[in-house]
Amino acid sequence: SQYSAVDTNPLSVYIMQPIWNKIIKIVPLWIAPNLLTFSGFVMILFNYFLISFYDWDYTASGTSPGLVPTWVWLFSAFTTFCAYALDSIDGKHARRTQSSSPLGELFDHGLDSWATSIFVLSFFSVCSRDNGKTGVSVYTMYIYLSIVLFNFMCSHWEKYNTGVLFLPWGYDISQVVLIAAYLLTGTVGVEVWQKPLLFGYYITDVLVILLIGFSLFLSFPQTLYNIHRAHLKKTLKNDSLYEGLLPLVSPVLLFILLTVWVVLSPNNILAKQPRLFLWMVGVAFSNVICKVIMCQMSSTRPELFHWFLFPLALVVYAAVSGLLGSMEEAVLGVFTALLTAAHVHYGVCVGRQLSEHLNIYIFSLKKRVQE
């Protein structure tokens, strides 16, 4: 299927695109577009692990404000900008080198589906978790992350139904806000997040309200409107409501299972291990969304239940019923490691199969020699 995307965001169209068009001219023509995509992702990952090293349990900014060195925040601003730039120019570079392919599209969106949660998890270190005075509660973090992933899911669910990816306005805005937040933290210090901004509200409150407002009153209605418009024009890919809603079943069940674990955990797992749990949420969603992207690209029907819901349901049952007892944290650790390995394995396998099928290399513009 021919890739089609529509971007109507004024920030993107009038400010960012001209910048990307200048940056793209520096990129040598022999570099493969997927290499740009992957480099951006590696930078986000590296930055995430760097912040995790200084602030494993999301308390550094709240209790001991000097714990994360200033250079880390400035480095975060730099890596976020680079990743944003690389993610924005990879498609342009592919058209420039005439190497656009379904593999590139899948690679880009697949890594984006994972990067989305990593951006959010890195940002939580800026505002720190609730310590009675400032910060956000771990439950707010969980809801916040879920809303961002729901938004990402919606734009791909919409593409599954309409064949067109309407780039969500939230993407460019969130990237610019993230970079500004890191720069602000690096120059002024984390204290800026701990003083009320207006009427006793903190900057973090304002950002949460903005995010929820944007999602529920801008992104989601826009998605429904675009699907409705395609329905009126008779350009919908799926005839039945059942087929149209099918990709949403697994993500919704995933969210329900995870929420049951969060709410009913005897050891209060989210408060004990917020970083581990939220990382697991991000990986799980990414894997589910990748399957939807695959189905949408290959025009196949997604299965009703994603395979991974079964082991998750078992673990959640064992945890909330008290079967795991004090082993809950250890089991979460092992489960998260296995899930992450499975996700990486899935990505590598799909990438290799597509590269063989399309007769192209993932990270090189050289053509494969036909055997």
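Up top is the structure.
Scope of this entry: the structure provided in the associated data block. (Residues numbered from 1 in each chain as written. Predicted model: local features only at pLDDT ≥ 70, side-chain atom pairs only at ≥ 80, totals over all residues. Heavy atoms only, no water.)

A word on the environment of Cys 127. With respect to the secondary-structure elements, Cys 127 resides in helix α5 (residues 102-127). Expressed as a C-alpha distance, the spacing of Cys 127 and Ile 203, which sit 76 residues apart in the sequence, is 8.9 Å. (Helix = DSSP H or I, 4+ residues; strand = E, 2+ residues; numbered from the N terminus.)

Right, let's get into the side chain of His 306. Looking at the element boundaries, His 306 is found in the loop between α11 (274-298) and α12 (309-320). Among the polar contacts listed, one links the side chain of His 306 to the side chain of Asn 287, at a separation of 2.8 Å. (Polar contact = N/O pair within 3.5 Å; in protein donor to acceptor, adjacent residues only side chain to side chain.)

Turning next to the side chain of Glu 158. Take Glu 158: it is sitting in helix α6 (residues 138-162). Buried charged residue Glu 158 carries no salt bridge. Nearest counter-charge: Arg 229, at 7.8 Å. Side-chain polar atoms of Glu 158 contact the side chain of Asn 226, separated by 2.7 Å. Ignoring sequence-local partners within four residues, the contact set of Glu 158 consists of Gly 163, Val 164, Phe 166, Thr 223, Asn 226 and Ile 227. (Buried < 20%, exposed > 50% of the residue type's maximum accessible area, 1.4 Å probe, protein only. Lys, Arg positive; Asp, Glu negative; His and termini not counted. Salt bridge = Lys/Arg side-chain N within 4 Å of Asp/Glu carboxyl O. Contact = heavy atoms within 4.5 Å.)

Centre distance and the angle of the planes are the two values used to describe a pair of aromatic rings. Inspection of the entire model under this criterion finds 26 aromatic pairs. With centroids separated by 5.9 Å and ring planes inclined at 85°, the aromatic side chains of Phe 46 and Phe 75 adopt a geometry described as edge-to-face. Of this pair, Phe 46 sits in helix α2 (residues 33-54) while Phe 75 sits in helix α4 (residues 70-96); the two residues are 29 residues apart in sequence, bridging distant segments of the chain. When the centroid spacing of 5.9 Å and the interplanar angle of 45° are considered together, the rings of Phe 49 and Trp 279 count as tilted. Separated by 230 residues along the polypeptide, Phe 49 in helix α2 and Trp 279 in helix α11 bring together distant segments of the chain. (Phe/Tyr/Trp six-rings, centres within 6.5 Å; stacked < 30°, edge-to-face > 60°.)

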